[in-house]
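Structural characterization, general
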Amino acid sequence: MQGVEAKKLFGTKEKASTQSPVPYGSYSKGCVAGGVQLAETGPTWQAMRLSRNRNWGHPEAIDYIKDVSAIAAQQPGWEGLYIGDISQPRGGPMLSGHRSHQLGLDIDIWMLPPKRLDLSAQERENLSSISLRRAGGAYVNDSWTYQHHEVLKAAASDPRVARIFVFPGAKVNMCNDEKGDRKWLRKIRPWWGHHYHFHVRLNCPKGARGCIDQNIPPAGDGCSDAEQWVQNILFPPPPDPNAAPPKPRRELQMTDLPSQCVTVLQSQ
């Protein structure tokens, strides 16, 4: 394993390790023992892009999906949720795409309201989600509905959730529309992209000592911060002439991950 990119080891594992479920490390530098596979189809969800084999997660993530999709299914026009990437069978760095999603505690949920939950495997490969952004993410477009607001509210209100990442215009729109309890808005954080799906990040499970939690969001509802993101999209600030050039991204090696991840890989 020495000197081998971690993604080339984790990305080839087709099944979870035969261990008790434990996440090790951080969301962008870790792995998960004893992962559980989300059923391809459930009463209120379907896992998408099955060929990626990324419908694995910590049991808390699987339970969360079942719970929040049941709430989403109560919304008019929604049969439940389409679930995108969670993690690879043993977590860890992915062969392509995400830098996070390594602990089995990150979940991508499509913005496309499911009209049916009997999609074939091939349909799940071909169907695409919808983008909800306008003006580079400064605003929502006409595909945004009040049901999206309610689904995101339910998703963020669950105490297992650390943060939810979504494009800035969606956050600002929800800030403007919410007339009741605003506590849940604190967990909705603006981030680049995230207009075809929203990204749920769960807290480390209780007792998981090897798991490094996400920092708690700043105090308040975060609405003024999202407004600033929108202003920066509409009126980009001039580049800093003294800014250092970005460092090239280095691929993670096994030595970058917690030592327990070697055991996760070697487990049957």
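Up top is the structure.
**Quick look at the overall build of the protein chain**
When helices and strands are counted, the protein chain shows 7 helices and 13 strands. The C-alpha radius of gyration of the protein chain comes to 19 Å, within 12% of the 18 Å expected for a compact globule of 268 residues. Its C-alpha atoms put the protein chain at 55 × 50 × 35 Å along the principal axes. Across the 268 residues in the protein chain, those meeting the buried criterion constitute 51%. Accessible area of the protein chain: about 13000 Å², with a carbon and sulfur share of 51%. Between the centroid of the 32 positive side chains of the protein chain and the centroid of its 26 negative side chains there is a distance of 5 Å.

**A few points about unusual backbone geometry**
Positive phi, normally seen in glycine, also occurs at N53, with a value near 55 degrees. Mapped onto the secondary structure, N53 falls in the loop between strand 5 (45-47) and strand 6 (56-57). One non-glycine residue, A135, adopts positive backbone phi at about 55 degrees. Examined against the element boundaries, A135 turns out to sit in the loop between strand 9 (133-134) and strand 10 (139-140). Its relative accessible area of 40% is what places A135 among the partly exposed residues.

**Topic: the environment of G92**
Looking at where G92 falls in the secondary structure, it is placed in the loop between strand 7 (81-83) and strand 8 (106-110). Taking the relative accessible area as the measure of exposure, G92 reaches 0% and is therefore buried. Taking the C-alpha atoms as reference points, G92 and D106, separated by 14 residues in sequence, lie 12 Å from one another.

**So, the pairing of strand 2 (residues 29-33)**
One face of the sheet, then the other: side chains in a regular strand alternate in exactly this way. With 4 of 5 residues buried, strand 2 lies mostly within the body of the structure. Bridging between strand 1 (residues 22-26) and strand 2 involves 5 bridges; their strand directions are antiparallel. Bridge pairing in strand 2 links S26 to K29. With antiparallel pairing between neighbouring strands as the criterion, strand 1 and strand 2 make up a hairpin whose turn holds 2 residues.

**Notes on the state of the cysteines**
One pass over the structure, following the stated rule, counts 3 disulfides. Shown here is the disulfide that connects C31 with C261, its sulfur atoms set 2.1 Å apart. Here the S-S torsion is close to -100 degrees, and the disulfide linking C31 with C261 is therefore left-handed. Of this pair, C31 sits in strand 2 while C261 sits in helix 7 (residues 260-266), and the two are 230 residues apart along the sequence.

**Examining the nonpolar core**
Within the largest apolar cluster, 44 residues are counted, with the highest numbers of intra-cluster contacts made by I83, I107, I164, M174, F198 and V200. Listing elements by their share of this core, those giving two or more residues are strand 5, helix 2 (59-72), strand 7, strand 8, helix 4 (146-157), strand 11 (161-166), helix 5 (168-177) and strand 13 (197-202). Looking at which element gives the most residues to this core, the answer is helix 2, with 6 residues. The next biggest cluster of nonpolar side chains, apart from the first, holds 11 residues, and it includes L252, M254, L257 and V264.

**Quick word on the packing of helix 2 against helix 4**
At a closest axis distance of 10 Å, the pairing of helix 2 and helix 4 adopts a crossing angle of 150 degrees. When the interaxial angle is binned, helix 2 and helix 4 end up roughly antiparallel. The hand of the helix 2/helix 4 crossing is right-handed. Each of Y64, V68, I71 and A72 in helix 2 lies in contact with helix 4, whose residues at this interface are V151, A154 and A155.

**Focus on the pattern of salt bridges**
On inspection of all chains with the given rule, the structure shows 12 salt bridges. With a closest N to O distance of 3.2 Å, D85 and R52 form a salt bridge. Note that D85 is positioned in the loop between strand 7 and strand 8 and R52 in the loop between strand 5 and strand 6, a separation of 33 residues in sequence. Taking relative accessible area as the criterion, D85 reaches 4% and is therefore assigned buried. Residue classification places R52 among the partly exposed positions, given a relative accessible area of 43%. One salt bridge in this structure joins D256 and R250, with 3.0 Å as the shortest N-O distance. Beyond isolated ion pairs, a larger network of salt bridges with shared partners links R52, R54 and D85.

Procedures and definitions
Residues numbered from 1 in each chain as written. Predicted model: local features only at pLDDT ≥ 70, side-chain atom pairs only at ≥ 80, totals over all residues. Heavy atoms only, no water. Helix = DSSP H or I, 4+ residues; strand = E, 2+ residues; numbered from the N terminus. Rg over C-alpha atoms; globule rule 2.2 N^0.38 Å. Buried < 20%, exposed > 50% of the residue type's maximum accessible area, 1.4 Å probe, protein only. Areas by Shrake-Rupley, 256 points an atom, 1.4 Å probe, with all protein chains shown as cover. Lys, Arg positive; Asp, Glu negative; His and termini not counted. Charge placed at Lys NZ, Arg CZ, Asp CG, Glu CD. Pairing = 2+ DSSP bridges. Disulfide = S-S within 2.5 Å. Core = buried A, V, L, I, M, F, W, Y, C linked by side-chain atoms within 4.5 Å. Axes fitted to C-alpha atoms, helices over the stretch in contact; angles between N-to-C directions. Parallel < 35°, antiparallel > 145°, perpendicular 65-115°, else oblique. Left-handed = near helix turned anticlockwise from the far one by under 90°. Contact = heavy atoms within 4.5 Å. Salt bridge = Lys/Arg side-chain N within 4 Å of Asp/Glu carboxyl O.

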